[in-house]
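# What the coordinates show
Take a look at the letters that make up each chain.
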Amino acid sequence: MMNIKEKVDMPELNPAEFRHAASRFTTGVTVITSLARNKEIIGMTANSFMTVSLSPPTVLVSVMNGRTLNAIEHSGKFAINVLPAAAKDISNHFAGRPVPGLTPDFAKSRGMPKLKEAIAYFDCRIEKFIQVADHTLLVAKVNDCCYKDVEDPLIFFSSQYHSLNAEI
Ligand SMILES: Cc1cc2nc3c(=O)[nH]c(=O)nc-3n(C[C@H](O)[C@H](O)[C@H](O)COP(=O)(O)O)c2cc1C
């Protein structure tokens, strides 16, 4: 066990070590969607999603300052689309690596863009923006949600995509 004195004396944390250690925490993958001022659909891949409270239904996601955050700050609303294993391309597409020929299919749900492939969907209204470094924590109330029963989720572990059975 490390005591407090040893911790204080430790050299500065190596960013690569931190990234590698954090990548051992296994998550699902979501696409956060919203509407820009000009009504264009905006989306970004995010694995920082977590539920905060069941009652009232509250979620949190950490979003880097950028286009998606701008859209959410403008609309006060966003949606969380949980991806199936088959949607690895969609994840890359919304993570700044557009896949040529990929045109994600959206439906509208309470005015927010809902990905057809999503295995779970949360319609969210902002409660709080909390700025931390170059990210903003979005704390939001869930107004509506839906899910599909039998699906294989997309999993992110050690900076690689996996399904429940294997690396894909
Ligand atoms: C699996 C995966 C998970 C990601 N999770 C997050 C996240 O939780 N928060 C974040 O700010 N960026 C995350 N990113 C990076 C963003 O998807 C990427 O920077 C995106 O281009 C931001 O879009 P925007 O600048 O249009 O808002 C993730 C990327 C991948 C591949």
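No experiment lies behind these values; they were computed from the predicted model shown.

Criteria and cut-off values
- Residues numbered from 1 in each chain as written.
- Predicted model: local features only at pLDDT ≥ 70, side-chain atom pairs only at ≥ 80, totals over all residues.
- Heavy atoms only, no water.
- Near = heavy atom within 4 Å.
- Polar contact = N/O pair within 3.5 Å; in protein donor to acceptor, adjacent residues only side chain to side chain.
- Areas by Shrake-Rupley, 256 points an atom, 1.4 Å probe, with all protein chains shown as cover.
- Helix = DSSP H or I, 4+ residues; strand = E, 2+ residues; numbered from the N terminus.
- Nonpolar A, V, L, I, M, F, W, Y, C, P; charged D, E, K, R; others polar.
- Pairing = 2+ DSSP bridges.
- Axes fitted to C-alpha atoms, helices over the stretch in contact; angles between N-to-C directions.
- Contact = heavy atoms within 4.5 Å.
- Phe/Tyr/Trp six-rings, centres within 6.5 Å; stacked < 30°, edge-to-face > 60°.
- Buried < 20%, exposed > 50% of the residue type's maximum accessible area, 1.4 Å probe, protein only.
- Salt bridge = Lys/Arg side-chain N within 4 Å of Asp/Glu carboxyl O.

Looking now at the site of the ligand. Taken together, 17 residues lie near the ligand, and Thr 45, Ser 48, Ser 62, Met 64 and Thr 68 sit nearest. A distance of 2.8 Å is found between an oxygen atom of the ligand and a backbone nitrogen or oxygen belonging to Thr 45. His 135 places a side-chain nitrogen or oxygen 3.5 Å from an oxygen atom of the ligand. For the ligand, whose accessible area on its own is 650 Å², the fraction buried by protein is 80%. Put simply, the parts of the chain that give the shell around the ligand at least two residues each are strand S3 (41-46), strand S5 (58-64) and helix H3 (67-75). In terms of residue class, the shell around the ligand is built from eight nonpolar, seven polar and two charged.

Turning to the sheet that holds strand S9 (residues 120-132), a few remarks are in order. Ordered by their spatial adjacency, seven strands build an open sheet running S3-S2-S6-S9-S10-S5-S4, and the pairing between neighbours is antiparallel. Of all the strands in the sheet, the pair left with one neighbour each is S3 and strand S4 (50-53). Taking each pair of neighbouring strands and ignoring which way they run, the sheet shows an average axis angle of 35°. Note: strand S2 (residues 30-35) against S3, six bridges, orientation antiparallel. In the sheet register, Val 31 faces S3, and the bridge partner there is Thr 45. Its contacts with the sheet place H3 against S2, S3, S5, strand S6 (77-82), S9 and strand S10 (135-147), and it is angled at close to 50° to S2.

Let us now look at the side chain of Asn 92. Relative to the helices and strands, Asn 92 resides in helix H4 (residues 88-93). In terms of polar contacts, Asn 92 uses its side chain to reach the side chain of Arg 97, at 2.8 Å. Residues in contact with Asn 92, not counting those within four places in the same chain, are Arg 97, Pro 98, Val 99 and Tyr 161.

Another point: the sheet that holds strand S11 (residues 155-157). Sheet architecture is open: three strands sit in the order S1-S11-S12, paired in antiparallel fashion. Of all the strands in the sheet, just strand S1 (27-28) and strand S12 (160-162) have a single pairing partner and so form its edges. Here S11 pairs with S12 via three bridges, running antiparallel. Counterpart to Phe 156 in the pairing with S12 is Tyr 161.

Turning our attention to the packing of aromatic side chains. What describes a pair of aromatic rings is the distance from one ring centre to the other and the angle between the planes of the rings. Counting across every chain of the model gives three aromatic pairs. Arranged with centres 6.3 Å apart and planes meeting at 70°, the rings of Phe 94 and Phe 106 form a pair that is edge-to-face. Here Phe 94, found in the loop between H4 and strand S7 (106-109), pairs with Phe 106, found in strand S7; they are 12 residues apart in sequence, far enough to count as distant. For Phe 94, a relative accessible area of 13% translates into the label buried.

Under the counting rule described, the total for this entry stands at two salt bridges. The partner of Asp 105 in a salt bridge is Lys 116, with the nearest N and O atoms 3.9 Å apart. Of this pair, Asp 105 sits in the loop between H4 and S7 while Lys 116 sits in the loop between strand S8 (112-115) and S9, and the two are 11 residues apart along the sequence. Taking relative accessible area as the criterion, Lys 116 reaches 56% and is therefore assigned exposed. Taking the shortest distance from any N to any O, the salt bridge between Asp 144 and Arg 110 comes out at 3.6 Å. Placement of the pair is Asp 144 in strand S10 and Arg 110 in the loop between S7 and S8, with a sequence separation of 34 residues.

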